[in-house]
Amino acid sequence: MEVKIRDKEDYHRQTTERMNKHFVVPEWTIRQKLALACRILASEGHDSGLAGQATARGAKPGTYYMLRFGLGFDEITAENLLLVDDDLNVLEGDGMPNPSNRFHLWVYRARPHVKAIMHTHAPHVSALSMIGVPLAVSHMDTTLFHEDCAWLREWPGTPIGDEEGRIISDALGNKRAILLAHHGQLAACETVEEAAILAMFIERAAKLQLLAMSAGTILPVDPALAQEAHDYRLKPKAIAATFAYYSRRILSRDASVI
């Protein structure tokens, strides 16, 4: 039997069509997605006391959903999120937002298409940020970050002011993710799902990098192949299905999250 050899682009188109047809994901609200994102990141070891933030744009321009300062990622539900304005004044909910969320506002202003931001001090990302080494993309699972992860070389201090927000926003540029020196990671994306998955996978990427550095020299991958893998891994329906998978794991333990 003769095997028909097709162009790889045909398979990419076929995969996208099949994902769109077969990957059915729940229609959660922004509040529910943000709460699930927090629980997913907590379950993946991203919690660091009260450090780190997860935010998303509200329905009205200039409004944002944020965690109530004082709650950990593993305590967040759709009901205890705050809705704030563009100066962190609370519009809905009880309590106060994390003052460090101010630097998120700078990213939102600079990037109108960004709908959600995840910032955490996960251990391996934090360790990598301490040694002055940017993220290395040298494995298929880390190609999500190929030419898509910025590197802030100097720590600007606790990001509760406008100057820190300007510095971080400028360093991020038009990329989806950034490794922050002496700090942690940030993912700024068009959906909550994408921001959550990138935040989760940048920690895995940092862990792989530190393991590889301890064993030998990290070898580069072909940039064209890395770009292809980047685009494949970031197909919207694949990201949504991945987020739904991790959400099911959370909801099987605690359905009250949403």
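Here the structure is a predicted model, which is why all the values come from computation and not from measurement.

Caption draft 1: Local environment of unusual backbone geometry. In the Ramachandran plot, Leu88 falls in the positive-phi region, its phi being about 65 degrees despite a non-glycine side chain. Secondary-structure assignment places Leu88 in the loop between strand E3 (82-84) and strand E4 (90-92). Of note, the phi angle at Glu147 is positive, near 55 degrees, even though the residue is not glycine. Along the chain, the position of Glu147 falls in the loop between helix H4 (123-129) and strand E6 (149-152).

Caption draft 2: Empty space enclosed by the protein, seen in detail. Here the structure, examined in full by the defined rule, presents two cavities of 30 Å³ or more. By volume, the largest cavity is sized at about 80 Å³. In terms of lining residues, the largest cavity is bounded by 13 residues, among which Leu50, Gly52, Leu67, Leu71 and Asn98 are the most central. For the lining of the largest cavity, the class distribution of residues is six nonpolar, six polar and one charged. Its volume calculated, the second largest cavity comes out at about 30 Å³.

Caption draft 3: Molecular detail of the UniProt feature "domain: Class II aldolase/adducin N-terminal" (unreviewed entry) in the protein. The UniProt record annotates "domain: Class II aldolase/adducin N-terminal" (unreviewed entry) at residues 32-210. Secondary structure within residues 32-210 divides into 32% helix and 18% strand; the distance between the first and last C-alpha atoms comes to 34 Å.

Caption draft 4: A look at the sheet that holds strand E5 (residues 116-120). Here eight strands make up an open sheet; going across it, the order is E4-E3-E2-E1-E5-E8-E7-E6 and the pairing mixed. Each end of this open sheet is capped by a strand with a single partner; those strands are E4 and E6. Going across the sheet, the axis of each strand differs from the next one's by a mean of 25 degrees, ignoring polarity. Pairing between E5 and strand E8 (residues 184-189): five bridges, direction antiparallel. Pairing of Ala116 across the sheet is with Cys189, part of E8.

Caption draft 5: Geometry of the pattern of salt bridges. Per the stated rule, a full pass over the model turns up 13 salt bridges. In this structure, the salt-bridge partner of Arg13 is Asp10, at a minimum N-O distance of 2.2 Å. Of this pair, Arg13 and Asp10 both sit in helix H1 (residues 8-22), three residues apart, which is roughly one turn of that helix. Residue Arg13 is classed as partly exposed on the basis of its relative accessible area of 46%. What makes Asp10 partly exposed here is its relative accessible area of 32%. The partner of Glu92 in a salt bridge is Arg31, with the nearest N and O atoms 3.3 Å apart. Of the two residues, Glu92 is situated in strand E4 and Arg31 in helix H2 (residues 30-43); the sequence distance between them amounts to 61 residues. Glu92 gets classed as partly exposed once you look at its relative accessible area, which sits at 40%. On the accessibility criterion, Arg31 (19% relative accessible area) is buried. Among the ionic contacts, a cluster of salt bridges with common partners joins Asp148, Arg176 and Glu194.

Calculation rules
- Residues numbered from 1 in each chain as written.
- Predicted model: local features only at pLDDT ≥ 70, side-chain atom pairs only at ≥ 80, totals over all residues.
- Heavy atoms only, no water.
- Helix = DSSP H or I, 4+ residues; strand = E, 2+ residues; numbered from the N terminus.
- 1 Å grid on protein atoms, 1.4 Å probe; cavity = no way out; pocket = protein on both sides within 12 Å on 5 of 7 lines; lining within 4 Å.
- Points joined across faces, edges and corners; volume = space filled by probe spheres on them.
- Nonpolar A, V, L, I, M, F, W, Y, C, P; charged D, E, K, R; others polar.
- UniProt positions renumbered as here; feature names shortened; annotations may be inferred.
- Pairing = 2+ DSSP bridges.
- Axes fitted to C-alpha atoms, helices over the stretch in contact; angles between N-to-C directions.
- Salt bridge = Lys/Arg side-chain N within 4 Å of Asp/Glu carboxyl O.
- Buried < 20%, exposed > 50% of the residue type's maximum accessible area, 1.4 Å probe, protein only.

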